[in-house]
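# Observations on chain architecture
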Amino acid sequence: MSPRLLLVHAHPDDESIGNGVTMAAAVAAGARVTLVTCTLGEEGEVIPPGQAHLAADREDALGPYRERELTAAMRALGVRDHRLLGGAGRWRDSGMMGLATNRAPNAFWGADPDLAGRQLADIIEDVRPHVLITYDPQGGYGHPDHIQAHRVALRGAELAAPRHRIARVLYNCLPATEAGRRLSALTDTARAAEPVAALGDLPGVVPDASVAVTVHGTAADAAAKQRAMAAHATQIRVREDGTSFALSNDLVQPLWETEYYTLAAGVPVPDGATDVFAGLDLEESR
């Protein structure tokens with residue numbers, strides 16, 4: 001039986017930044033990979049000056065544009081099954097915490113977790129994933145849509161459990177020691193015009209001992225991740241050497257060729273696991 005992986009993310013680009021290597025490696029290994037994106041990222045800050053009109057467009061041009069970027073990113077990673085929760089535009093990007101957009105009609109932050117959870121449960125019952133990957137309870141860095149994606153992912157898994165129980169739930173994370181080392185290396189090499197992020201700017205930093213799975217991938221997986229991130233050009237600027245990137249805040253941070261996860265629930269992970277499916281009996285968890 002082929003393993004099945006489900007990822008739940010808030011906006012287009014989150015998946016490529018956090019899980020691009022994992023997704024490409026899983027596809028290459030023959031797994032079925034399904035991505036659920038909860039909003040179109042309508043409130044994203046556009047980086048290229050020539051595309052600034054997308055964010056200012058009264059007809060919400062940025063959302064559909066980012067959906068096309070997402071399609072291109074999934075093509076780069078080899079993922080054929082990517083879905084928008086409730087359909088395109090059902091849930092809207094809420095913007096950063098505390099903004100008026102948090103209260104906009106259909107803002108994902110205001111979604112009824114049971115309603116959105118049921119939408120996800122329908123997907124879970126259809127796909128029957130062995131592993132679910134999403135954010136930690138803080139949403140990695142506190143964005144309301146990331147927090148809500150965490151809540152909806154767990155609620156969806158709970159609602160689907162009578163028909164299909166997911167064997168393992170993992171959260172994205174970064175080990176503190178390696179994150180600090182990579183930032184120090186960037187500080188040593190970054191040009192003066194490119195400020196480097198601080199440890200507190202990175203999402204999901206955890207003590208090293210909390211890391212349960214370390215996915216190294218191959219050079220091809222890392223290259224696929226770079227292409228996927230570059231496809232999200234309105235939101236991400238990948239540096240020419242492919243080892244780092246910046247978002248709209250212009251803070252340079254590492255482009256992670258290795259990805260890390262904590263175990264949130266389900267079947268324990270063997271020591272030294274380098275595969276999100278490690279230790280699972282796929283037949284038992286059909």
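Just so you know, the residues in each chain are numbered from 1, in the order the chain's sequence is written. The model is predicted, so local features are restricted to residues of pLDDT at least 70 and side-chain atom pairs to those at 80 or more, both for listing and for counting; the totals for chains, interfaces and linings are taken over all residues. With hydrogens and water stripped out, all remaining heavy atoms of the structure feed into the side-chain values.

## Comments concerning the nonpolar core
Filter applied, for reference: Here, the term nonpolar core denotes a set of buried Ala, Val, Leu, Ile, Met, Phe, Trp, Tyr and Cys residues that are joined through side-chain atoms within 4.5 Å. Each residue's exposure class comes from its accessible area (1.4 Å probe, protein chains only) as a fraction of the maximum for that residue type: buried when under 20%, exposed when over 50%, partly exposed otherwise. Per the convention used, a helix needs a DSSP run of H or I reaching at least four residues, while a strand needs a run of E reaching at least two, with both numbered from the N terminus. Two residues form a contact once any of their heavy atoms are found within 4.5 Å.
Within the largest apolar cluster, 32 residues are counted, with the highest numbers of intra-cluster contacts made by L5 and V276. Those elements giving two or more residues to this core turn out to be β1 (4-9), α1 (14-28), β2 (32-37), α3 (62-77), β4 (131-134), β7 (213-215) and α7 (219-231). Broken down by element, the residue count for this core peaks at five residues, all from α3. Look past the residues within four positions of L5 in its chain and what remains in contact with it is T22, A26, R32, V33, T34, P129, V131, I133, V276 and F277.

## With respect to α3
The condition is simple: In this analysis, the expected span of each helix is defined as 1.5 Å times one less than the number of residues it contains. Here the arc refers to the set of directions running from the helix axis out to each C-beta atom.
Taking 1.5 Å per residue as the helical rise, α3 with its 16 residues ought to reach 22 Å, and the 22 Å between its terminal C-alpha atoms agrees with that figure. For α3, the set of buried residues is L62, G63, R66, E69, L70, A73, M74, A76 and L77. Burial along α3 is one-sided: seen end-on, the buried residues are contained in an arc of 150°. Exposed residues on α3 whose side chains face more than 90 degrees from its buried face are R68 and R75. A positive backbone phi angle near 85° is found at G78, which sits one or two residues after α3.

## A few points about the pattern of salt bridges
Inclusion rule: Throughout this description, the term salt bridge denotes a Lys or Arg side-chain nitrogen within 4 Å of a carboxyl oxygen of Asp or Glu.
Counted under the stated rule, the structure contains 15 salt bridges. When the shortest N-O distance is used, the salt bridge between R83 and D81 registers 2.8 Å. Looking at D81, the relative accessible area reads 14%, which means it is buried. Here R118 and E125 are joined by a salt bridge, their closest N and O atoms 2.6 Å apart. You can call E125 buried: its relative accessible area is 15%. If you follow the salt bridges from partner to partner, you end up with R32, D81, R83 and D126 in one network.

## Observations concerning the packing of α3 against α7
Note the threshold: The angle between two axes is taken between their N-to-C directions and runs from 0 to 180 degrees, where each axis is a line fitted to C-alpha atoms and a helix contributes only its stretch in contact. Oblique is the label for any angle not covered by the other classes, which are roughly parallel (under 35 degrees), roughly antiparallel (over 145) and roughly perpendicular (65 to 115). Under the scheme applied, nonpolar residues are Ala, Val, Leu, Ile, Met, Phe, Trp, Tyr, Cys and Pro; charged residues are Asp, Glu, Lys and Arg; polar residues are all the others, including Gly.
Between α3 and α7, whose axes approach to 8 Å, the crossing angle comes to 175°. Between α3 and α7, the angle falls in the class roughly antiparallel. Contacts between α3 and α7 involve E69, A72, A73, A76 and L77 on the former and, on the latter, A224, K225, R227, A228 and A231. When the residues that make up the contact of α3 with α7 are grouped by side-chain class, the tally is seven nonpolar, no polar and three charged.

## What about the sheet that holds strand β10 (residues 252-254)?
Put simply, the rule is: Any two strands with at least two DSSP bridges between them are considered paired.
Strands sit in the order β8-β9-β10 across an open sheet of three strands; the sheet is antiparallel. With partners counted over all chains shown, the strands left at the sheet margins are β8 (237-238) and β10, one partner each. By the bridge criterion, two bridges tie β8 to strand β9 (residues 244-246) in an arrangement that is antiparallel. Opposite R237, over in β9, you have A246 as the bridge partner. Across the sheet, helix α6 (residues 176-189) lies against β9 and β10, angled at about 135° from β10, the strand it touches most.

## Focus on the UniProt feature "binding site: Zn(2+)" (unreviewed entry) in the chain
The condition that has to hold: UniProt positions are given in the numbering used here, feature names are shortened, and annotations may be inferred rather than shown by experiment. Cavity means a closed set of points on a 1 Å grid over the protein atoms alone, one where a 1.4 Å probe fits but cannot get out, pocket means an open set with protein on both sides within 12 Å along at least 5 of 7 lines, and lining means a residue has an atom within 4 Å of a point.
Per the UniProt annotation, the sites labelled "binding site: Zn(2+)" (unreviewed entry) are H11, D14 and H146. For the annotated residues, spread through 136 residues, the largest C-alpha to C-alpha distance comes to 9.4 Å, consistent with a single compact locus. Here the residues from the annotation list that line the largest pocket are H11, D14 and H146. Residue placement: D14 occurs in helix α1. Apart from residues no more than four positions distant in its own chain, D14 is found in contact with H9, Y135 and H146.

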